[in-house]
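# Tertiary structure, described
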Amino acid sequence: MRQRFGADGLDRHGTVGSGKSTLAAALGGELAGDVFSSDRVRKELAGVPVHVRTGAAGRSRLYSAAMSDRTYAALTHRAIERIRSRQMVILDATFAERRRRDALRKKLERAGIRYCFIETNSGESAIRRRLGRRAHSVDEVSDARLEDFPTLNRGYQPPGEVDSAHFFAVETTGPLEKTVATTLKSLALRRASSTH
């Protein structure tokens, strides 16, 4: 199933290890969209190879508030520039704090860009298994690991402020094909309702 929504923005959203990046990549293929990853942008800005996990001191600098501000600003800027060239964009990022979601929404709305936040939900046991597997992966971009889960999970602010016309949640514990199909159907429904 392939759909093109034109110059729209999709934001991948959810807590760490919830399947955001996997679903974002799959949606990018289905929708012929560009996937912009906050993990990749962050490491690019810091001059860190994408598949290298820095030590504790390096991660402290890489994930500082100032670096996160730079990362999300660059991510948003790049996405809007690409959307203006009539390309579908998917943001693979947590947007865990309401202030970051608010900033993104304001910029998209000011630019006249349609958007939808998608929250990926997964049970804690599934998240812990995924994070545990990352310790043995050589091609993992994200630095989040099992030991980071409690801290990152506590910092997550659910997107209750986003209205249902621009938001839905999807379960990611089942087969990827089913998750993608459910996501595409929900996107199509919101696309149809926005044109009436």
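Residues numbered from 1 in each chain as written. Predicted model: local features only at pLDDT ≥ 70, side-chain atom pairs only at ≥ 80, totals over all residues. Heavy atoms only, no water.

Let us now look at the layout of surface pockets. Unfilled space is identified by rolling a water-sized probe across the atoms. Estimates place the volume of the largest pocket at around 1300 Å³. Along the walls of the largest pocket sit 48 residues, with Val 16, Lys 20, Thr 94, Ser 142 and Ala 144 positioned nearest its centre. (1 Å grid on protein atoms, 1.4 Å probe; cavity = no way out; pocket = protein on both sides within 12 Å on 5 of 7 lines; lining within 4 Å. Points joined across faces, edges and corners; volume = space filled by probe spheres on them.)

So, about helix α1 (residues 20-31). In an α-helix, one turn spans 3.6 residues; hence positions three or four apart end up facing the same way. Relative to the 16 Å expected for 12 residues at 1.5 Å per residue, α1 spans 16 Å between its end C-alpha atoms, a close match to the ideal helical length. Among the residues of α1, those classed as buried are Lys 20, Leu 23, Ala 24, Ala 26, Leu 27, Gly 28 and Leu 31. Within two residues after α1, Ala 32 carries a phi angle of roughly 50°, on the positive side. (Helix = DSSP H or I, 4+ residues; strand = E, 2+ residues; numbered from the N terminus. Expected span 1.5 Å × (residues − 1). Buried < 20%, exposed > 50% of the residue type's maximum accessible area, 1.4 Å probe, protein only.)

Attention now goes to the packing of helix α4 (residues 65-84) against helix α5 (residues 98-110). Across the interface, α4 lies against α5 with an axial gap of 11 Å and an inter-helix angle of 25°. Judged by the angle between their axes, α4 and α5 are roughly parallel. Like other packed secondary-structure pairs, α4 and α5 cross with a definite hand, here right-handed. Between α4, through Ala 65, Ser 68, Asp 69, Tyr 72, Thr 76 and Ile 80, and α5, the contact on the second element is made entirely by Arg 99, Arg 100, Leu 104, Lys 107 and Leu 108. Across the contact of α4 with α5, the residue classes break down as 5 nonpolar, 2 polar and 4 charged. (Axes fitted to C-alpha atoms, helices over the stretch in contact; angles between N-to-C directions. Parallel < 35°, antiparallel > 145°, perpendicular 65-115°, else oblique. Left-handed = near helix turned anticlockwise from the far one by under 90°. Contact = heavy atoms within 4.5 Å. Nonpolar A, V, L, I, M, F, W, Y, C, P; charged D, E, K, R; others polar.)

Our next topic: the environment of Val 138. For Val 138, the location among the structural elements is in the loop between α6 (124-134) and α7 (149-154). Look at Val 138 and you get exposed, because its relative accessible area is 74%. Separated by 37 residues in sequence, Val 138 and Pro 175 place their C-alpha atoms 24 Å apart.

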